[in-house]
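The primary structure of each chain is shown beneath.
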Amino acid sequence: MNIRTIHYCLILLFLPFFLNAQDVYDVYTNESFLNNYREGEDFFNKEAFGKAERAFKKAIALKPDYAATYRRLGVVYEAQKEYQLAAEMYDRCIELDPTISRTIYYQSGEMHLKNSDYPAAYERFKAYESYLNLPPESFTDGTLELDTETYFNSQLAKSLEDCKFGLSIAVFDTIVLENLGPAINSEADDCFPYLSNDESWMLYTRMGARKTVDENLLHSTYSDGAWTKGKSLGKEINSEVNEGMGKATRDERHMYFPACNREDVLGLCDIFQAAVDNGKILDTRQLEGKVNSDRWDSQPSINCDGQALYFVSDRPGGFGGTDIWVSYKELDGTWGAATNLGRRVNSIQDEEAPFIADDGMTLYFASNGHPGLGDQDIFFSRKNEAGRWGTPQNLGAPVNSSRRELSFFVNARGNYGYIASNREGGFGGLDIYKFLLPEKKDFEEVAYVKGTVKNAETGEGIQAKVDITGKGNYLTDEQGRFFVCFPTLSKLPVSVDQKGYYPYRKRLGLLNWSEKGYVEIDVLLQPMNQAASLNQTTKKIKITQPEVPIEISTEISYNEGEEKQLYSTSDIYFYFDQFLLTREAQYSIDKLIEDIDPEQLALVVIEGYADQIGSDDYNQKLSEKRAEEVANYFKSKGLLKLKVSYRGYGKTKSSSINSKNRRVDIVVYYKKS
């Protein structure tokens, strides 16, 4: 037997017979069930898998609601490489008794992974990872499986990476590529596309046709359902020699591009920056700091909020050919010394055209040094929490082909990807293609946050250092503006210590979306000499004891003729498998209560949800606990005449993103006047 079977055999040999919260009396009086169950274990340990399967099936027929039997049968199927059947048995065991074991979640994940069911496998592995935070006594077999867990824990990171790769490949294997047509593509090489957030304009590079060497940045606008013919971006960027691969930050105020063969560059090519205002280029200059060298430095890709610059260079210190490097912005606005991404990303051949995704954790790039489909392919690598890049994974066909693929870009909405390829059917050299991406699962969206630090009394912008916990420091401009990308389901932790103002410490909700897709927030600093007057005018809510007991029920009922919906929120989220309110959730409810007029209040409806992990019955109970927890929090605040109703919806009203399902929705109704 291999090591997997040995570990499972140890489970069978040393785990005593438990009833796992099932009907004790019925099982122990069913002698036939017990005989078949024990017989199945004996046959398995003798590697008589066929006989073991038959024995466990007989036991299941006699006692179909006993979870442990399904687990034993799953091990038998796994030993016979019947992975689909094994997955079904493990899942049935979990459905019958979610707390029988936490290793069963890992076992289930492995079987789904072997069946290429990457979403299900990822969910099971993440559940196992989450349950490691609980004491072993939380599970029936927990204290008996610690040795097995040690082995599983050593494999968990690799299993999760395999799932992520499988999910990424699954995203691309059904796509259809669409050539952008002759207005964009030509007989020359057209590549390195960049689209504005609203997709109304596009930048791309056209390499010199035939024997010419002039490469330029071109500009095209989207009008009446089609792209206009690409035109030179103008003398502010283009010269008689080479420029290319222009990329902008998501706030579209700064742009980066390479300039080559000029008199003022340090090497063959240097990276330049430009200031942009409403699409107009105001200023171009060589990048300040330690990025450029006396070698070829090109193909910049700026991260979402402009704090990290990825680029390509053939400078010393690489691993061969051209490598991908990264530099981080200093607080004074200059760029720090560049660091090579390491031998996992960079090979002895050429890596180029990096694209860093909005999450800052996923890097796409072109390479002819990693295993591919021929010539140059597109790969991706993910950075873990320790900052280390994972082994690059090929995106596979049809994104890659036996020809050359160069550059990768995803639009701001995350639903379309773009590449350049010289595959058959194009207009000559490299052509730009687009393709629709399927909806991503378990993707934590990123909000584009435009913030302004202001004087709370005058409204004037303030130049200040803004600390975003977990992200670093951001220096505002002369108007007090800063820009940061942050997960949408989070509170933005902002700290400002500015001379002459009181310290600012708040976690800001990312809710105020503008029409252009930005979250706009104001950071209001209170001058020290104005603090007294502010305290006198700050609105205070007086909490009194209710004269009428607050009613909490599971029945939602109201008279539509007397009540109207005021507003609702779904900003109350929970950790995996938890129903206790987080500090962020309490903050959101407190802000909601501040806006409620108790005299006009008719009803608060609270609806609980759960994610898709676990049985329907378990999720229903969990969602009701979450709703009840919020209801009791309202009650603890002592609002007069408050009636709270709640209902748990389990996973029946679910989003495709699991983190969004672990929530409670609140709807406030006022009396109609």
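Structure: above.
Residues numbered from 1 in each chain as written. Predicted model: local features only at pLDDT ≥ 70, side-chain atom pairs only at ≥ 80, totals over all residues. Heavy atoms only, no water.

*Asks:* It is not clear to me how helix α5 (residues 67-79) should be interpreted in this structure. Could you clarify?
*Replies:* Helical geometry note: an α-helix holds 3.6 residues per turn, so side chains three or four residues apart project in the same direction. If you check α5, its first and last C-alpha atoms are 19 Å apart, about what 13 residues at 1.5 Å a residue would give, namely 18 Å. Taken across its 13 residues, α5 has 12 buried, putting it largely inside the fold. Every buried residue of α5 is listed here: Ala67, Ala68, Thr69, Tyr70, Arg71, Arg72, Leu73, Gly74, Val75, Val76, Tyr77 and Glu78. Within two residues after α5, Lys81 carries a phi angle of roughly 65°, on the positive side. (Helix = DSSP H or I, 4+ residues; strand = E, 2+ residues; numbered from the N terminus. Expected span 1.5 Å × (residues − 1). Buried < 20%, exposed > 50% of the residue type's maximum accessible area, 1.4 Å probe, protein only.)

*Asks:* Is there a simple way to think about the sheet that holds strand β23 (residues 465-468) in this case?
*Replies:* Sheet strands line up and pair through hydrogen bonds in the backbone, either parallel or antiparallel. Strand order across the open sheet formed by four strands is β24-β23-β26-β27, with antiparallel pairing between neighbours. Each edge of the open sheet carries a strand with a single partner, namely β24 (472-475) and β27 (504-509). Neighbouring strand axes in the sheet, compared pairwise and without regard to direction, differ in orientation by 30° on average. (Pairing = 2+ DSSP bridges. Axes fitted to C-alpha atoms, helices over the stretch in contact; angles between N-to-C directions.)

*Asks:* Can you help me understand the sheet that holds strand β10 (residues 280-286) in this one?
*Replies:* Spatial strand order, β7-β8-β9-β10: four strands in an open sheet with antiparallel pairing. The sheet is open, and its two borders are formed by β7 (247-248) and β10, each paired with just one other strand. In this structure, strand β8 (residues 254-260) lies alongside strand β9 (residues 269-277), joined through seven bridges in antiparallel fashion. Bridge pairing links Pro258 to Ile271 in β9.

*Asks:* For this particular structure, what's the right way to read the nonpolar core?
*Replies:* Buried together is how nonpolar side chains tend to be arranged in soluble globular proteins. With 49 residues, the main nonpolar core has Ile237, Met255, Phe257, Leu406, Phe408 and Phe435 as its most contacted residues. Core analysis: the second largest hydrophobic core is formed by 43 residues, Phe44, Leu73, Phe125 and Leu160 among them. (Core = buried A, V, L, I, M, F, W, Y, C linked by side-chain atoms within 4.5 Å.)

*Asks:* Hey, could you run me through empty space enclosed by the protein in this one?
*Replies:* In this approach, a probe sized like a water molecule rolls over the atoms, and the result shows the empty space that is left. Inspection of the entire model under this criterion finds five cavities of 30 Å³ or more. The space that makes up the largest cavity amounts to roughly 110 Å³. Forming the boundary of the largest cavity are 13 residues, of which Ala248, Arg250, Ile302, Phe355 and Ile356 lie nearest the centre. If you list the elements that add at least two residues to the lining of the largest cavity, you get β7, β11 (297-302) and β15 (351-356). Class assignment of the residues belonging to the lining of the largest cavity gives a composition of seven nonpolar, three polar and three charged. (1 Å grid on protein atoms, 1.4 Å probe; cavity = no way out; pocket = protein on both sides within 12 Å on 5 of 7 lines; lining within 4 Å. Points joined across faces, edges and corners; volume = space filled by probe spheres on them. Nonpolar A, V, L, I, M, F, W, Y, C, P; charged D, E, K, R; others polar.)

*Asks:* Looking at this structure, how should I read the packing of aromatic side chains?
*Replies:* Two descriptors summarise a pair of aromatic rings, namely the distance from one centre to the other and the angle between the planes of the rings. The full count for this structure, using the stated rule, is 29 aromatic pairs. Ring geometry for Tyr448 and Tyr518: centres 6.4 Å apart, planes at 50°, overall tilted. One end of the pair, Tyr448, is in strand β22 (residues 446-455); the other, Tyr518, is in strand β28 (residues 518-525), and 70 residues separate them in sequence. An identical accessibility class is assigned to Tyr448 and Tyr518; each is buried. Pairwise contacts between aromatic rings join Tyr194, Trp201, Phe355, Tyr364, Phe380, Phe408, Phe409, Tyr418 and Phe435 into one cluster. The aromatic ring of Tyr83 is capped on one face by Lys114, whose charged end is 5.0 Å from the ring centroid. Above the ring of Phe272, the side-chain terminus of Arg262 is found at 5.2 Å from the ring centroid. (Phe/Tyr/Trp six-rings, centres within 6.5 Å; stacked < 30°, edge-to-face > 60°. Lys NZ or Arg CZ within 6 Å of the ring centre and 35° of its normal.)

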